[in-house]
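# A structural walkthrough
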Amino acid sequence: MLTYLQAIVIGLLQGVTELFPVSSLGHSVLLPALIGGDWQHLVTESASSTSQTSPYLAFIVALHVATAVALLIFFRADWARIIRGFLRTLRPSFSARRIVTNDADERLAWLLIIATIPVGLTGVLFEHTFRALFAKPVAAAIFLMINGLILLAGERLRRTAPSDENRTTASPTSAAPAGAGTPVALRTRSLATLHYREAGVIGFFQTFALLAGISRSGIAMVGGLARGLSHRDAARFSFLLATPVILAAGLLKLPSLAGSAGAHIHGQVLVGALVAGIAAYLSVRYLTRYFETRTLTPFAVYSLVVGGICLIRFA
């Protein structure tokens, strides 16, 4: 039985680690395994069950929905513009050229749609395989270390990424002293210049986040950095992209809470979802400011250290 303490702790963990680039799935496996006992049983039981029969999986689904709602609330103004832009593209008199040349909201709407397709299809086709990996702490620890290497690679790729010719920014990745220690200006691209095929590649990168230990927000940010976006724009696109993915996956399986999987845990689900939603809102508010001047490097180091410690512990 899922306790209220477990609901609060796991809800807080989900709300924070879903948006911080350190993998919520990985932490949802590793922390219960480290505590052991009934906590570890929650995870191991879920590996052989479906969301219709596993209380823990049904609970995690509810936490994801709460996280997506928090993102919708935080980016409500952005989503209002994006939805209006998308609806404009459905008009019979709409010109396809306008997406390319005129309206940033219309273009961003289609960038998000294209980037959502790869992870959506992969999740539907390989759900059972990813769920089997979900319950293995050793695998989660290894993937968390790989996540750290991916984040470090993203910072290196950012330095050689394509850019707009007339746009530069003081990049936090280039803080090596050049004279008086001022940051070196790197050229960046605006989000509006992202090509549709590049959005598809970033969406493809997100499919790896179905592995416990690989961060959804982190790998999407790395994809954005590799294509020349600033840390701020890469983070914004990552958070916007995560919203429909998390929300759709959660709403698809939320009815399982009305069945046997949700029996006797409705109170715990509500408490956990509330904690996850508040934590997610505060996390995205912090991270949008953090990535205006800082990089993924601290999260890479954290992933490598924690993943290594857990690998030693469980191997």
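Structural data are supplied above this passage.
Throughout what follows, the structure given in this document is the object of discussion. (Residues numbered from 1 in each chain as written. Predicted model: local features only at pLDDT ≥ 70, side-chain atom pairs only at ≥ 80, totals over all residues. Heavy atoms only, no water.)

### Section: the nonpolar core
In this structure, Phe237 and Phe299 are the most contacted members of the largest nonpolar core, which totals 42 residues. Elements supplying a minimum of two residues to this core: α4 (55-74), α5 (76-89), α7 (104-125), α10 (196-206), α11 (216-226), α12 (231-253), α13 (266-290) and α14 (297-314). Per-element tally for this core: the top contributor is α12, with nine residues. With sequence-adjacent residues up to four places away left out, Phe299 is seen in contact with Phe20, Pro21, Val22, Leu151, Leu287, Tyr290 and Phe291. Grouped together as the second largest cluster of nonpolar side chains are 28 residues, Trp39, Leu42, Ala140 and Val269 included. (Core = buried A, V, L, I, M, F, W, Y, C linked by side-chain atoms within 4.5 Å. Buried < 20%, exposed > 50% of the residue type's maximum accessible area, 1.4 Å probe, protein only. Helix = DSSP H or I, 4+ residues; strand = E, 2+ residues; numbered from the N terminus. Contact = heavy atoms within 4.5 Å.)

### Side note on α5
For α5, spanning 14 residues, the distance from its first C-alpha to its last is 20 Å, which sits close to the expected 20 Å at 1.5 Å a residue. Every buried residue of α5 is listed here: Asp78, Trp79, Ile82, Gly85, Arg88 and Thr89. (Expected span 1.5 Å × (residues − 1).)

### As for the packing of helix α1 (residues 4-17) against α4
Between α1 and α4, the least distance of the axes is 10 Å, while the angle of their chain directions is 45 degrees. Classified by the angle between their axes, α1 and α4 sit oblique to one another. As α1 runs across α4, the sense of the crossing is right-handed. Facing Ala7, Ile10, Gly11, Gln14 and Gly15 of α1, the residues of α4 in contact are Tyr56, Phe59, Ile60, Leu63, His64 and Thr67. Among the residues forming the contact of α1 with α4, the class breakdown is six nonpolar, five polar and no charged. (Axes fitted to C-alpha atoms, helices over the stretch in contact; angles between N-to-C directions. Parallel < 35°, antiparallel > 145°, perpendicular 65-115°, else oblique. Left-handed = near helix turned anticlockwise from the far one by under 90°. Nonpolar A, V, L, I, M, F, W, Y, C, P; charged D, E, K, R; others polar.)

### What to know about the packing of aromatic side chains
Tallying each qualifying case throughout the model produces eleven aromatic pairs. Seen in terms of ring centroids, Phe291 and Phe299 are 6.1 Å apart; in terms of plane orientation they differ by 45 degrees. Their pairing is tilted. As far as the burial class goes, Phe291 and Phe299 line up, both buried. Ring-pair connections join several aromatic residues into one group, and the members of that group are Phe20, Tyr286, Tyr290, Phe291 and Phe299. (Phe/Tyr/Trp six-rings, centres within 6.5 Å; stacked < 30°, edge-to-face > 60°.)

### Observations regarding α13
Across its 25 residues, α13 extends 35 Å between first and last C-alpha, which sits within 8% of the 36 Å expected from 1.5 Å per residue. Within the sequence span of α13, burial applies to Gln268, Val269, Gly272, Ala273, Ala276, Gly277, Ala279, Ala280, Ser283, Val284, Leu287 and Tyr290. Residues of α13 that are buried in the fold lie against α1, α4, α12 and α14.

### Side note on a nonpolar patch on the surface
A surface patch of nonpolar side chains, about 290 Å² in accessible area, is lined by Ile83, Leu87 and Leu90. Mapped onto the elements of the fold, Ile83 is located in helix α5. Classification of Ile83 as partly exposed rests on a relative accessible area of 46%. (Patch = residues over 30% accessible without salt bridge, like charges linked within 9 Å, V, L, I, M, F, W, Y side chains within 5 Å. Areas by Shrake-Rupley, 256 points an atom, 1.4 Å probe, with all protein chains shown as cover. Salt bridge = Lys/Arg side-chain N within 4 Å of Asp/Glu carboxyl O.)

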